[in-house]
Number of protein chains: 2
Amino acid sequence: MALIVQKFGGTSVGTVERIEQVADKVKKFREAGHDLVIVLSAMSGETNRLIELAKQISDQPLPRELDVIVSTGEQVTIGLLAMALNKRGVPAVSYTGSQVRILTDSSHTKARILKIDDQKIRTDLKAGRVVVVAGFQGVDEQGNITTLGRGGSDTTGVALAAALKADECQIYTDVDGVYTTDPRVVAQAQRLEKITFEEMLEMASLGSKVLQIRAVEFAGKYNVPLRVLHSFKEGPGTLITIDEEESMEQPIISGIAFNRDEAKLTIRGVPDTPGVAFKILGPISAANIEVDMIVQNVAHDNTTDFTFTVHRNDYSAAQTVLENTAREIGAREVVGDTKIAKVSIVGVGMRSHAGVASRMFESLAKENINILMISTSEIKVSVVIEEKYLELAVRSLHTAFELDAPARQGE
Amino acid sequence: MALIVQKFGGTSVGTVERIEQVADKVKKFREAGHDLVIVLSAMSGETNRLIELAKQISDQPLPRELDVIVSTGEQVTIGLLAMALNKRGVPAVSYTGSQVRILTDSSHTKARILKIDDQKIRTDLKAGRVVVVAGFQGVDEQGNITTLGRGGSDTTGVALAAALKADECQIYTDVDGVYTTDPRVVAQAQRLEKITFEEMLEMASLGSKVLQIRAVEFAGKYNVPLRVLHSFKEGPGTLITIDEEESMEQPIISGIAFNRDEAKLTIRGVPDTPGVAFKILGPISAANIEVDMIVQNVAHDNTTDFTFTVHRNDYSAAQTVLENTAREIGAREVVGDTKIAKVSIVGVGMRSHAGVASRMFESLAKENINILMISTSEIKVSVVIEEKYLELAVRSLHTAFELDAPARQGE
């Protein structure tokens, strides 16, 4: 008897057969008495096909018109699912973002939701209809079609759940939940029953790409319970929710995230004067290169070393920029390394437990893994290591923080 | 310095290359100083692809949801053309039917336009923008997406031209105008400079499928000058307009239309009582079979013969219905023939010229072509003949009514 928003992604609606399966699933929930709002992505591949079409006209497609084109992808899937539901005797009606009225700003291709008009949806729900909404899109004040940017369907789901004060927002994906780490690296990785929004944010941004970061932020802000589930397998998935009273059993660390898409750059022998960080990172940011970790050591002989990481795709561009900067500010040299990996331990539990970082370093030292960079936040410790040690590091940390499945079951 | 509505069909926007060509064409008109509203169909094949997708879900797709799905076809092309125009330095903006606000009734998949809000379009035109509108679609009072049914983009073009009081509505197609008859049958067939709405209606409904009948009716009703042109060839096309003062040079007959999609059915020895026509045609119509020509001869020995034509696809269904009727009303027998063709001469000129029909019959008699049925209207005479004589009949009539290209040029 709950009000549930369910979001299905592109692969879940990638074929007519899959749409029929989604309809079967929705029907079951409906028969259990729940009120349902379904948010859909475009059929997988369709958004890319449409973007490709637009790029044939122009390398830099006009954002307003690109949104007109790309938003048709979800419009097709909502119509198909509404049909499939009605065929099953489940009354259903589809709405585009514009029809619901998901009001956004006018930043085409990356619009932000300002307000959702819930009137139509509430009327339909009251009348016993399942409401099927196109994800990823909205409309601005002037009536122009907007899109929220890639993966924005998750955000649509959460925003609708917040507007409707839904009991839960369920995100159906191709994984059955959030894991302590990537099961392809650690066989003993286990599904988490529960994780906090903050932890999920750290996990997501660190490469466990289950949910869109924006959607998690949104859910946290409006306190919408978010559940990650598998589209076609049964199971409770992982509930992402606020940090309730820290229970006894709560593990210190929720998971181990990692990322091998980064490269690191160091500028050595930088004269240690105020404003030097800006002189180094300003040109990088002006070149539209995003920087992840930044480490600067205390000065030594009036010079310092400054190290940061960027996406590997941006490595050579960043190197060129940095070499110019080095000449200008009179730094000694620029060195870089693309064969690195970042490993992070994430968990709200570490707030109240001292020594978590040292336990991490100890565990890596035991395996003779050299730490190249360290950065910490309240609920996360990240280290950069040589890429070849990545799997070994993740496995040893997974064991060290007692995340391995058999061990915990045996406790 | 005119306001022109230009409509391009599915083959004219069937590929990105073609859309670029359309943009080139539109740019030329814009540079000549015209205000332009462009109406587009979906890329050819796209509407069928979308319908096919819907039919995979349901044999009888829910009309409301089918409209949601199918209307995406035009939404893609308008975005692409608007991009292509802007790329050429021609400011342009796209609108869906719903964005313009083309208000229709709620008859999904075959909606009728009720009203067009011209405010946005006028503002854009004033600002020097080309307005690109999705054909074939609208929105009902409740905000539901509707479609006008197949070929409805012509109707959108005419309706916009009427609402904006445009100087001309140009329909771009894959033919360079309306011909005196099918050039594949008569090599001497010629393009008409001008034709009246009434003539065009008779030509269209008789099988010269250049324009949607509804669009022509609409244009006639609101007196919107309509021009049929080739999308990618230069030329003045054919202007469809009201019947101005009948000029001296106006030919008696404008064209020869024909149709080989029909079959005829005769019920013989029908007791000649009042209401018999309804007894015969009522059940046919109840079976959703459309009847074209109907001929009943004067009674003879208190019985009569009753003949009508239907589409060949409906022939066997109609035969079954008719045989039941024959038993019920005590008619002698039912006979039919699918190997027939209908040939019609069309022209407003025949109103003021006696003997047009007899000239037609004479011409057919000369070729020993037997006439099986005759039906006449004010500006049209149709005969049904054996299908094998079709080409011969059309050619001889084309010559008899002085429509052949070389002969007329020599006059």
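Residues numbered from 1 in each chain as written. Chains lettered and ligands numbered in written order. Predicted model: local features only at pLDDT ≥ 70, side-chain atom pairs only at ≥ 80, totals over all residues. Heavy atoms only, no water.

The name that an unreviewed UniProt entry assigns to chain A is Aspartokinase, with the source organism given as Pseudomonas weihenstephanensis. Among the UniProt annotations of chain A, the heading Catalytic activity (unreviewed entry) holds the following wording: "L-aspartate + ATP = 4-phospho-L-aspartate + ADP". Taken verbatim from the UniProt record of chain A, the Sequence similarities (unreviewed entry) comment is "Belongs to the aspartokinase family." (UniProt positions renumbered as here; feature names shortened; annotations may be inferred.)

Engineer: Looking at this model, I keep getting lost on the overall build of chain A. Mind explaining?
Structural biologist: Looking only at helices and strands, one finds 14 helices and 20 strands in chain A. Relative to the compact-globule value of 22 Å for 411 residues, chain A shows a C-alpha radius of gyration of 24 Å, a close match. Summarising its shape, the C-alpha atoms of chain A cover approximately 75 × 60 × 35 Å along the three principal directions. Split into buried and exposed, the 411 residues of chain A put 54% on the buried side. (Helix = DSSP H or I, 4+ residues; strand = E, 2+ residues; numbered from the N terminus. Rg over C-alpha atoms; globule rule 2.2 N^0.38 Å. Buried < 20%, exposed > 50% of the residue type's maximum accessible area, 1.4 Å probe, protein only.)

Engineer: Just checking my understanding: could you explain the interface of chain B and chain A for this structure?
Structural biologist: Interfaces are frequently sized by the accessible area removed from exposure as the parts join. Between chain B and chain A, the residue contacts involve 42 residues of the former and 42 residues of the latter. Of the roughly 3,100 Å² buried between chain B and chain A on both sides combined, carbon and sulfur atoms contribute 64%. When residues of chain B are sorted by the area they lose upon contact with chain A, B:I57, B:Q75 and B:M83 head the list and together hold 23% of the total. Counting the contacts that link chain B with chain A gives 2 salt bridges. One salt bridge connects B:R49 with A:E46, and the closest N-O pair in it is separated by 3.8 Å. The tally of links from chain B across to chain A stands at 12 residue pairs in polar contact (both at pLDDT 80 or more). Listing elements by their share of the side of chain B that touches chain A, those giving two or more residues are α1 (16–31), α2 (46–57), α3 (63–70), α4 (72–87) and β3 (92–95) of chain B. Ranked by residues supplied to the side of chain B that touches chain A, first place goes to α4(B) with 11 residues. (Contact = heavy atoms within 4.5 Å. Buried area = accessible area lost by both parts, 1.4 Å probe. Salt bridge = Lys/Arg side-chain N within 4 Å of Asp/Glu carboxyl O. Polar contact = N/O pair within 3.5 Å; in protein donor to acceptor, adjacent residues only side chain to side chain.)

Engineer: Help me out: how do you make sense of empty space enclosed by the protein in this one?
Structural biologist: Vacant regions in the atomic arrangement are exposed by a probe of water-molecule size rolled over the atoms. Tallied over the entire structure, the rule returns 1 cavity of 30 Å³ or more. Computed from the structure, the largest cavity encloses a volume of approximately 180 Å³. The residue inventory of the lining of the largest cavity, partitioned by class, reads 2 nonpolar, 16 polar and no charged. (1 Å grid on protein atoms, 1.4 Å probe; cavity = no way out; pocket = protein on both sides within 12 Å on 5 of 7 lines; lining within 4 Å. Points joined across faces, edges and corners; volume = space filled by probe spheres on them. Nonpolar A, V, L, I, M, F, W, Y, C, P; charged D, E, K, R; others polar.)

Engineer: Explain helix α13 (residues 390–400) of chain B to me, please; I cannot follow it from the model alone.
Structural biologist: Side chains of residues three or four places apart in an α-helix project in the same direction, reflecting 3.6 residues per turn. Regarding α13(B), the residues found buried are B:L390, B:A393, B:V394, B:S396, B:L397 and B:H398. Considering only its buried residues, α13(B) is in contact with β13 (255–259), β18 (340–346), α12 (356–366) and β20 (380–386) of chain B.

Engineer: Help me understand the packing of α3(B) against α4(B), please; the structure alone is not making it clear to me.
Structural biologist: Each packed pair of helices is defined by two parameters, the angle between the axes and the distance between the axes. Residue and element names in this part refer to chain B. Interhelical geometry of α3 versus α4 gives an angle of 20 degrees and a closest axis separation of 5 Å. By the angle between their directions, the pair α3 and α4 is classed as roughly parallel. Residues V68, I69 and V70 of α3 lie in contact with α4, whose contacting residues are T72, G73 and E74. Partitioning the contact of α3 with α4 into residue classes produces 3 nonpolar, 2 polar and 1 charged. (Axes fitted to C-alpha atoms, helices over the stretch in contact; angles between N-to-C directions. Parallel < 35°, antiparallel > 145°, perpendicular 65-115°, else oblique.)

Engineer: I would appreciate a short explanation of the sheet that holds strand β1 (residues 3–8) of chain A in the present structure.
Structural biologist: Two modes of strand pairing occur in sheets, parallel and antiparallel, and in both the strands are linked by backbone hydrogen bonds. Residues and elements named next belong to chain A. Taking strand neighbours across the sheet as the criterion, the 8 strands line up as β3-β6-β2-β1-β9-β11-β12-β10 in an open arrangement whose pairing is mixed. Across the chains shown, the open sheet's two edge strands, defined by having one partner strand only, are β3 (92–95) and β10 (194–196). Taking the axes of each pair of neighbouring strands and ignoring which way they run, one obtains an average angle of 20 degrees across the sheet. Relative to strand β12 (residues 238–241), strand β11 (residues 226–230) runs antiparallel, the two being bridged by 3 bridges. Following the sheet pairing, R227 is matched in β12 by L239. (Pairing = 2+ DSSP bridges.)

Engineer: What is the right way to read the packing of α1(B) against α4(B) from this model?
Structural biologist: All names here are of chain B. It is the contact of α1 with α4, at a shortest axis distance of 9 Å, that shows an interaxial angle of 55 degrees. Overall, the two elements α1 and α4 adopt an arrangement that is oblique. As α1 packs across α4, the resulting crossing turns out to be right-handed. In contact with I19, E20, V22, A23, V26 and K27 of α1, α4 contributes L80, L81, A84, L85 and K87. Among the residues making up the contact of α1 with α4, the classes are represented as 8 nonpolar, no polar and 3 charged. (Left-handed = near helix turned anticlockwise from the far one by under 90°.)

Engineer: Explain the sheet that holds β20(B) to me, please; I cannot follow it from the model alone.
Structural biologist: All names here are of chain B. The strand order across the open sheet built from 4 strands is β13-β18-β20-β19, with neighbouring strands paired in antiparallel fashion. Sheet topology places β13 and β19 (371–377) at the edges, where each strand pairs with a single neighbour. Each strand of the sheet is rotated relative to its neighbour by a mean of 20 degrees, with strand direction disregarded. Taken together, the 6 bridges between β19 and β20 define a ladder with antiparallel strand orientation. Along β20, the bridge assignment pairs I374 with V383. Contacting β18, β19 and β20, α12 runs over the sheet at an angle of about 20 degrees to β20. In the packing of α13 onto the sheet, contacts are made with β13, β18 and β20, and the angle to β18 comes to roughly 10 degrees.

Engineer: Hey, could you run me through the side chain of B:E20 in this one?
Structural biologist: Tracing the backbone through its elements, the reader meets B:E20 in helix α1. For B:E20, a relative accessible area of 13% translates into the label buried. Beyond its immediate stretch of four places on either side in the chain, B:E20 contacts A:Q56, A:I57, B:A84, B:K87 and B:R88.

Engineer: In this structure, what is going on with the relation of the copies chain B and chain A? I would like to understand it.
Structural biologist: The pair of chain copies shares a relation made of a rotation about an axis and a shift along it. In screw terms, the move from chain B to chain A is a rotation of 180 degrees and a rise of 0.1 Å along the axis, fitting with an RMSD of 0.2 Å. The transformation just described matches what one would write down for a two-fold rotation axis. For chain B, the residue whose C-alpha comes nearest the rotation axis is B:T72, separated from it by 2.6 Å. Taken together, the interface assignments show that 100% of the residues at the interface of chain B recur at the interface of chain A, consistent with an identical surface on both copies. (Least-squares fit on C-alpha atoms with pLDDT ≥ 70 in both.)

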